[in-house]
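For reference, the chains in residue letters:
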Amino acid sequence: MERHDHEHGTTRTTPLSPGRAPAEPGHPEHPELARRAPAHDAEPARPGAARPHEGHEGHDRHAGHSVAMFRTRFWVCLVLTLPIVALGHMLASALGREPPSFPGAQLVPPLLGTAVFAYGGWPFLQGAGRELRARLPGMMALITLAITVAFVFSAAVTLGYPGMPLWEELATLVTVMLLGHWIEMRSIAQAQGAVKELAKLLPRTAVRLADGKEEEVALERLRDGDLVLVRPGASVPADGTVRSGESALDEAMLTGESRPVAKRPGDAVVAGTVNGSGSLRVEVTGTGERTALARIMSLVDRAQASRSRAQAIADRAAFALTIVAVVAAIATAIGWGLAGAAGEFVVERVVTVLVIACPHALGLAIPLVIAISTTVAARAGLLVRDRRGLEEARRIQEVVFDKTGTLTLGQHRVVAVRVAEGLSEEDAIRIAAAVERDSEHPIARAVVRTAEERGVAVPAAAAFAAIPGHGVRATVDGHEWQVGGPNLLRRAGASTPRELEVFAGEAAARGQAVVYLVQGREARAALAVADAVRPEARAAVADLHAAGIRVAMLTGDARAVAEAVARDVGIDRVYAEVVPEKKAETIAALKRGGRRVAMVGDGVNDAPALVTADVGIAMGAGTDVAVEAGDVVLVRSDPRAVSRIVALSRASYRKMVQNLWWATGYNVVAIPLAAGVLASRGLVLGPAVGAVLMSASTVVVALNAQLLRRARV
């Protein structure tokens, strides 16, 4: 067969294949996953809490805290607070009755109040210490200042200082704050929990086959090259390649694709995916930290911890709010002191100002959106390596696609067929595939794959023979057929109908190879073979156009080939015949022209361009280098996901802005009320009410962030 040289794309690997940078160590569920899963106990840093890589290692207001810890302390403090409230003045005043009286009743509030302060207030005292050591006072410092002022004043009154103690205000304040932090940490844990749950997809053991015997072994004992049995309904224990058996696997956890994916010998399988009704024997190619599952967990964890511009703005706002709260508290104390107010009233006002101004909602506004958006993206098969990339995607004006392996499959297929009279297109593919089936030539493989994908039943062929330099021949259905290029036509002296000549000329102009199906001395069909356009490419370009984004193609392929693909999928602009080292320069030139550019690619030669672009998007089935260079990885290698990245970025940004406005705007009204500006009209907020309002603002922010789960991605 005549040789046809075309661009075949870069070397490929399976999605998120082994061999990547190692993930982080230590997973409690599966030690063989040597990486750090996001714990339910942890949460991203908050205002006033720098991240380790920013020079304040370990400075996190909830470092060492857990959801369970806040839950336990809340219930204990609630039980201790009820007697204090029952013996205090607030409930009695509301009911119009005197507080209960019995011997030693006056000692109950101080004793229980001190216990609440020491036990319930300890997490806040710890957090304040970390903030002050880092010289970044924030929410924990404000809470600590408020409860310490209330405790010291109440203790002084109990010991003889004139005034009314604030034990019930102190106890209810601490209890409400514990409840608020419990709710907050649960929200963060739920947002991150979906990623941690990935670890549970792995079985704890695997069935290894050795010397014809089955042996059940722990996952950490598996090694590359081992053969494992995956029974129906079981989870795949490690990344590998199917050696025998056929089945369909549920890969939803990896790609977001709900339909099972058929697997045959030679196909790659991924750890954690669930086998269907068939039985598979799989050769292990990656275990532990080298599995795609570990890689996904590491990428999502890294993204949730990565810094965003919006988070930096929230941190600055929270720091400013802390200063404003302290100044407002001092001004409140001076103002009411000069007005001759009672000591307990002044302390109440100061404590309420400090509590109500706590940047609690600000602390939750951005990290919760980050956690939810990253998890939503992962479930949709979009792995965010760098939060800034996802954040920047909303501003993209132009998306530049690589061609081979990105808009095309990187594998040749029959892309067009023209037949002579008396032969159907399906018959032409059926006969050509039968003749080519025993050939190893790339174009022969393309014809056979096309027949398989179209569901064409390929008959058996007899008397197969290669014709060196010209093509192949075989007998199909009792007739001899030949398949080859122009050299075959000349050798056979075959005539070519006019319609086939025109078709071949048009295909050649598009840079496509043409092979002929010849019977006797007549060409009966012509098949154009080329790198097939991905079925999703047209929809991907249309979706980006609908979002107001211009689309370009950047390729090293010939201009005729590139322009043919561009016309097919509707691309606006083509940069063709660009050598690999010039791809990054092309992206840089677009950026210098004032465009915000995203680059989508999958090859080693795309990596510099991915890094140069404002947002680098790597196809998950591409090379390791390209995936490592991208800000976002498309696990399914579906170009339609690019528009989904933009949509998620825009939705996340809207939620961040809404949360920031609510968290800061609420304080404009709340702080003056807490200071008592309407006290003359009988409107006075107590510390406990202030804590409830502050917690309510946090709940509003959390609920608003949760709505992001409804984003269509």
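Please read these numbers as outputs of a predicted model, since none were measured by experiment.

Caption draft 1: View of the pairing of strand 16 (residues 513–519). Burial runs high along strand 16: 6 of the 7 residues are buried. Sheet topology places strand 15 (residues 479–484) next to strand 16; 3 bridges connect them, and they run antiparallel. Within strand 16, the position partnered with Q482 by the bridge is V518. Pairing of strand 16 with strand 17 (residues 522–533), which is carried by 7 bridges, proceeds in the antiparallel orientation. For V515, the partnering residue across the bridge sits in strand 17 and is L527.

Caption draft 2: Molecular detail of the sheet that holds strand 18 (residues 550–554). Read from one edge of the open sheet, 7 strands run 10-22-21-20-11-18-19, paired in mixed fashion. Either end of the sheet is taken by a strand with one partner, and the two such strands are strand 10 (382–384) and strand 19 (573–575). Averaged over all pairs of adjacent strands, the angle between their axes in this sheet comes to 20 degrees, without regard to strand direction. Here 4 bridges tie strand 11 (residues 398–402) to strand 20 (residues 597–601), and the two strands are oriented parallel to one another. Pairing of V399 across the sheet is with A598, part of strand 20. Here helix 19 (residues 559–569) sits on the sheet and contacts strand 18 and strand 19; the angle it forms with strand 19, its principal contact strand, is near 155 degrees.

Caption draft 3: Just the packing of helix 10 (residues 343–356) against helix 23 (residues 641–675), in detail. The N-to-C vectors of helix 10 and helix 23 enclose an angle of 170 degrees; their axes lie 8 Å apart at closest approach. It follows from the interaxial angle that helix 10 and helix 23 lie roughly antiparallel. Two secondary-structure elements touch here, helix 10 through R349, T352, V353 and I356 and helix 23 through Y666, N667, A670, I671, A674 and A675. In terms of residue class, the contact of helix 10 with helix 23 is built from 7 nonpolar, 2 polar and 1 charged.

Caption draft 4: Structural view of the pairing of strand 15. Bridge count between strand 14 (residues 471–476) and strand 15: 6 bridges; the pairing is antiparallel. Counterpart to A474 in the pairing with strand 15 is W481. Between strand 14 and strand 15, which follow one another and run antiparallel, lie 2 residues, and D477 among them has a positive phi close to 55 degrees.

Caption draft 5: Just the packing of aromatic side chains, in detail. Across all of its chains, the model carries 7 aromatic pairs by this definition. Seen from their ring centres, F117 and F151 are 4.3 Å apart, and the 0 degrees between their planes marks the pair as stacked. Of this pair, F117 sits in helix 3 (residues 108–120) while F151 sits in helix 5 (residues 139–158), and the two are 34 residues apart along the sequence. You'll find F117 and F151 in the same group, each marked buried. Judged by centre distance (4.9 Å) and plane angle (80 degrees), the rings of W336 and F345 are edge-to-face. When its relative accessible area of 22% is taken as the criterion, W336 is described as partly exposed. For F345, a relative accessible area of 21% corresponds to the partly exposed category. Ring-pair connections join several aromatic residues into one group, and the members of that group are F74, W75 and W182. When the ring centre of F345 is taken as reference, the NZ or CZ atom of R349 above it lies at 5.2 Å. Sitting over the ring of Y653, R394 keeps its end group 3.5 Å from the ring centre.

Caption draft 6: Seen up close, the pattern of salt bridges. Within the structure shown, the criterion is met by 23 salt bridges. A salt bridge links R595 to E398, with the shortest nitrogen-to-oxygen separation between them at 3.3 Å. With a gap of 197 residues between them, R595 in the loop between helix 20 (580–592) and strand 20 and E398 in strand 11 connect regions that are remote in the sequence. Between D477 and R430 there is a salt bridge, with its nearest N and O atoms 3.1 Å apart.

Caption draft 7: Main features of the confidence of the model for the chain. Mean pLDDT for the chain: 79, with 80% of residues reaching 70 or above. With pLDDT under 50 throughout, residues 1–59 is counted as low confidence; its partners more than four residues away or in other chains account for 201 contacts.

Caption draft 8: Summary view of the sheet that holds strand 6 (residues 261–263). With antiparallel pairing, 3 strands are arranged side by side in an open sheet as 6-5-8. At either end of the open sheet lies a strand with only one pairing partner, and these are strand 6 and strand 8 (274–275).

Caption draft 9: Looking closely at the packing of helix 3 against helix 5. At a closest axis distance of 11 Å, the pairing of helix 3 and helix 5 adopts a crossing angle of 160 degrees. In terms of orientation, helix 3 and helix 5 fall into the roughly antiparallel class. Where helix 3 crosses over helix 5, the two elements pack in a sense that is left-handed. Only I147, T148, F151 and T158 of helix 5 make contact with helix 3, whose side of the interface consists of P110, T114 and F117.

Calculation notes
- Residues numbered from 1 in each chain as written.
- Predicted model: local features only at pLDDT ≥ 70, side-chain atom pairs only at ≥ 80, totals over all residues.
- Heavy atoms only, no water.
- Buried < 20%, exposed > 50% of the residue type's maximum accessible area, 1.4 Å probe, protein only.
- Helix = DSSP H or I, 4+ residues; strand = E, 2+ residues; numbered from the N terminus.
- Pairing = 2+ DSSP bridges.
- Axes fitted to C-alpha atoms, helices over the stretch in contact; angles between N-to-C directions.
- Contact = heavy atoms within 4.5 Å.
- Parallel < 35°, antiparallel > 145°, perpendicular 65-115°, else oblique.
- Nonpolar A, V, L, I, M, F, W, Y, C, P; charged D, E, K, R; others polar.
- Phe/Tyr/Trp six-rings, centres within 6.5 Å; stacked < 30°, edge-to-face > 60°.
- Lys NZ or Arg CZ within 6 Å of the ring centre and 35° of its normal.
- Salt bridge = Lys/Arg side-chain N within 4 Å of Asp/Glu carboxyl O.
- pLDDT = per-residue confidence, 0-100.
- Left-handed = near helix turned anticlockwise from the far one by under 90°.

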